[in-house]
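Here is how the chains run, residue by residue.
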Amino acid sequence: MDQSPEFSTILPAHRQRPLMMQLALASGALAQPSLIKGKNFTDDFWQKPDGQTARASMEKVVAGLRQYQLHPYERKPERTSIVWSDGEARISWFAGKPRGRTSKPKASLFLIPSMINGPEILDILPDDRSLIRWLAAQGYDVFMLEWGQMRNDPELADLDSALSQKLARAVTWLSEQVDTPLIGIGYCMGGLFLAASEILNPEAFDALVFIATPWDFQAGAKGNFAEAIAGWAPDGLQRVLHLNYLPNEWLQMIFAGVDPSMVARKFSAFADMKMDSREAKLFVAVEDWVNGGGDLPSGVVQQTVRRWYLDNAPVAGTWNVAGTPINARHIRKPSLVIIPAKDKIVPPASARALARLNSPASRTLMKCALATTASRCFSRTPQAACSAD
């Protein structure tokens, strides 16, 4: 690249934002067994074995929450090369490490993240566990898209303009700059954006990678995220329309409501960790990422919830962007589809639908137990977390 880099600062998430929600969900999950038995939380209850067990469990969860709030780890400000920007959106460049006698990268990779949380999950611990830096170390030039503060950018107000205009310009610019094969990588809902980009800009990419990308929004076990969204939508969409955006805290409530006991389980487990351990540092980094997302514009929320979750348009082949149908059957590029082995946000059956509809001659299917936290698959020594199908 011959661009003069600018520099960006990635700020850490605010840990206090979800605290009251976490306490409420943990309390409810721990109290539920006693409530089902018809017990009242009187002074006598807390002196009995069930009450003492519930209190001890809650005290451990509170200890874990406190340790998370006070943990010294913070993501350091990043000196990231910004090679393209347009409104709030920008592309960061991570140069591939020269390998052998040539300084030319093997290929150029364009990472498209979700709009819900930041892209730092792909670079979760820069010095220790990072998909982006692992790929760069293998000799690939990595370009990462960041959506920025979407409410501040009129072109990101709805999905049609975000994909057909903003993302299209980014892809066009990048494809003109690189002189190596360009491979698109979409993570979670970013995989849907990648599919749309391939249909809208069919000459840009040489190959595609979809990581934990939902495609059939009615597939998967009962009690998943799609079911929670369907229950929230009748009243929730009206409230979002009134506010003209979806507060991140509301979205986190929906996520957490899929498995309310998860808060109690994970912070109870965190309380048992050594706070100076690599395991605790990774836990804090991932929690900060989960809790650090921005608000979503109403137009994006209305279109994704209605077209994806209610109409299930992607799997039906009726999803369109700015009037152009986005049909997985029309994707002919070599494709790698990575499917989460177990996930309530993107159930395996939902992600598998994309591989099923994509041309069998052009795709490879992989099952990955850790695909929904992609960078966990790539520490300094990548683990054998995936298997070909």
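Asker: How do you make sense of unusual backbone geometry when you look at a structure like this?
Answerer: It is generally the case that most residues other than glycine have a negative phi and that most peptide bonds are trans. Phi is positive for Asn312, which is not a glycine, with a value near 50 degrees. Given a relative accessible area of 7%, Asn312 falls into the buried group. With a phi close to 50 degrees, Ala322 is a non-glycine residue in the positive phi region. The topology assignment puts Ala322 in the loop between β9 (320-321) and β10 (324-325).

Asker: Sorry if this is basic, but what is going on with the environment of Leu167 here?
Answerer: Secondary-structure assignment places Leu167 in helix α5 (residues 159-177). Along the backbone, Leu167 and Asn201 are 34 residues apart, and their C-alpha atoms lie at a distance of 10.0 Å. Non-local contacts of Leu167, meaning those with residues more than four positions away in its chain, are made with Phe110, Ile112, Leu145, Trp147, Ala162, Phe193 and Ser197.

Asker: Explain the nonpolar core here, please?
Answerer: Grouped burial of nonpolar side chains is what soluble globular proteins tend to show. By size, the foremost hydrophobic cluster in this structure holds 69 residues, and its most contacted members are Phe110, Met115, Phe193, Trp215, Trp232 and Trp319. Take this core: its biggest share by element is eight residues, from α5. Counting 38 residues, the second-largest nonpolar core is a separate cluster that includes Tyr68, Tyr73, Ile211 and Ala264.

Asker: What should I look at first to understand helix α9 (residues 261-271) in this one?
Answerer: Each full turn of the α-helix corresponds to 3.6 residues, which orients residues three or four apart in the same direction. Among all positions in α9, only Val263, Ala264, Phe267, Ser268, Phe270 and Ala271 are buried. Taken around the axis of α9, the buried residues stretch over an arc of 155 degrees, which confines them to a single face.

Asker: Can you help me understand the packing of aromatic side chains in this one?
Answerer: A complete count under the given rule lists 12 aromatic pairs for this structure. Both rings, one in Phe267 and one in Phe283, keep their centres 5.6 Å apart while their planes meet at 80 degrees; by these two values the pair is edge-to-face. Placement of the pair is Phe267 in helix α9 and Phe283 in helix α10 (residues 278-291), with a sequence separation of 16 residues. This pair shows no difference in class: Phe267 is buried, exactly as Phe283 is. Among the aromatic residues, those joined into a cluster by ring pairs are Trp147, Phe193, Trp215, Phe217, Phe225, Phe255, Trp308, Tyr309 and Trp319. Note that Arg151 overlies the ring of Tyr245, its terminal NZ or CZ placed 3.6 Å from the centroid.

Asker: Sorry, what's going on with the pairing of strand β1 (residues 81-86) here?
Answerer: Two faces, one strand: in a regular strand the side chains alternate between the faces of the sheet. By the criterion of burial, β1 is predominantly enclosed, with five of the six residues buried. Across five bridges, the pairing between β1 and strand β2 (residues 89-94) is antiparallel. Looking across to β2, one finds that Ile82 is bridged to Ser92. In textbook terms, the turn of a hairpin is the stretch between consecutive antiparallel strands, and for β1 and β2 this stretch comprises two residues, one of which, Gly87, has a positive phi near 65 degrees.

Asker: How should the pattern of salt bridges be read in this particular structure?
Answerer: Side-chain pairs of opposite charge can arise where the charged atoms are in close proximity. The full count for this structure, using the stated rule, is 15 salt bridges. We note a salt bridge from Asp123 to Arg75, for which the minimum N-O separation is 3.0 Å. Of this pair, Asp123 sits in the loop between β3 (108-112) and α4 (131-137) while Arg75 sits in the loop between α3 (49-70) and β1, and the two are 48 residues apart along the sequence. Residue class for Asp123 comes out buried when judged on its relative accessible area of 3%. Arg75 sits in the buried class, given a relative accessible area of 10%. Its salt-bridge partner being Lys333, residue Glu198 comes within 3.2 Å of it at the nearest N-O pair. One end of the pair, Glu198, is in helix α6 (residues 189-200); the other, Lys333, is in the loop between β10 and β11 (335-340), and 135 residues separate them in sequence. Each member of the pair, Glu198 as well as Lys333, carries the same accessibility label: buried. Beyond isolated ion pairs, a larger network of salt bridges with shared partners links Asp86, Asp153, Glu155, Lys166 and Arg169.

Asker: Sorry, what's going on with the pairing of strand β4 (residues 141-146) here?
Answerer: Here β4 lies mainly inside the structure; six of its six residues are buried. As paired strands, β2 and β4 are joined by five bridges and run antiparallel to one another. Residue pairing across strands places Ile91 opposite Leu145, the latter belonging to β4. Inspection of the sheet shows β3 paired to β4 by four bridges, in the parallel sense. For Leu111, the partnering residue across the bridge sits in β4 and is Met144. In terms of handedness, the path from β3 via α4 over to β4 forms a crossover that is right-handed.

Asker: How should helix α13 (residues 348-357) be read in this particular structure?
Answerer: Summarising burial for α13: seven of the 10 residues are buried, a large majority. Burial in α13 covers these residues: Pro348, Ser350, Ala351, Ala353, Leu354, Ala355 and Leu357.

Cut-offs used in this document
Residues numbered from 1 in each chain as written. Predicted model: local features only at pLDDT ≥ 70, side-chain atom pairs only at ≥ 80, totals over all residues. Heavy atoms only, no water. Buried < 20%, exposed > 50% of the residue type's maximum accessible area, 1.4 Å probe, protein only. Helix = DSSP H or I, 4+ residues; strand = E, 2+ residues; numbered from the N terminus. Contact = heavy atoms within 4.5 Å. Core = buried A, V, L, I, M, F, W, Y, C linked by side-chain atoms within 4.5 Å. Arc of directions from axis to C-beta. Phe/Tyr/Trp six-rings, centres within 6.5 Å; stacked < 30°, edge-to-face > 60°. Lys NZ or Arg CZ within 6 Å of the ring centre and 35° of its normal. Pairing = 2+ DSSP bridges. Salt bridge = Lys/Arg side-chain N within 4 Å of Asp/Glu carboxyl O. Right-handed = clockwise from strand over helix to strand, strands pointing away.

From the geometry alone we can't say anything about function, so treat these as descriptive.
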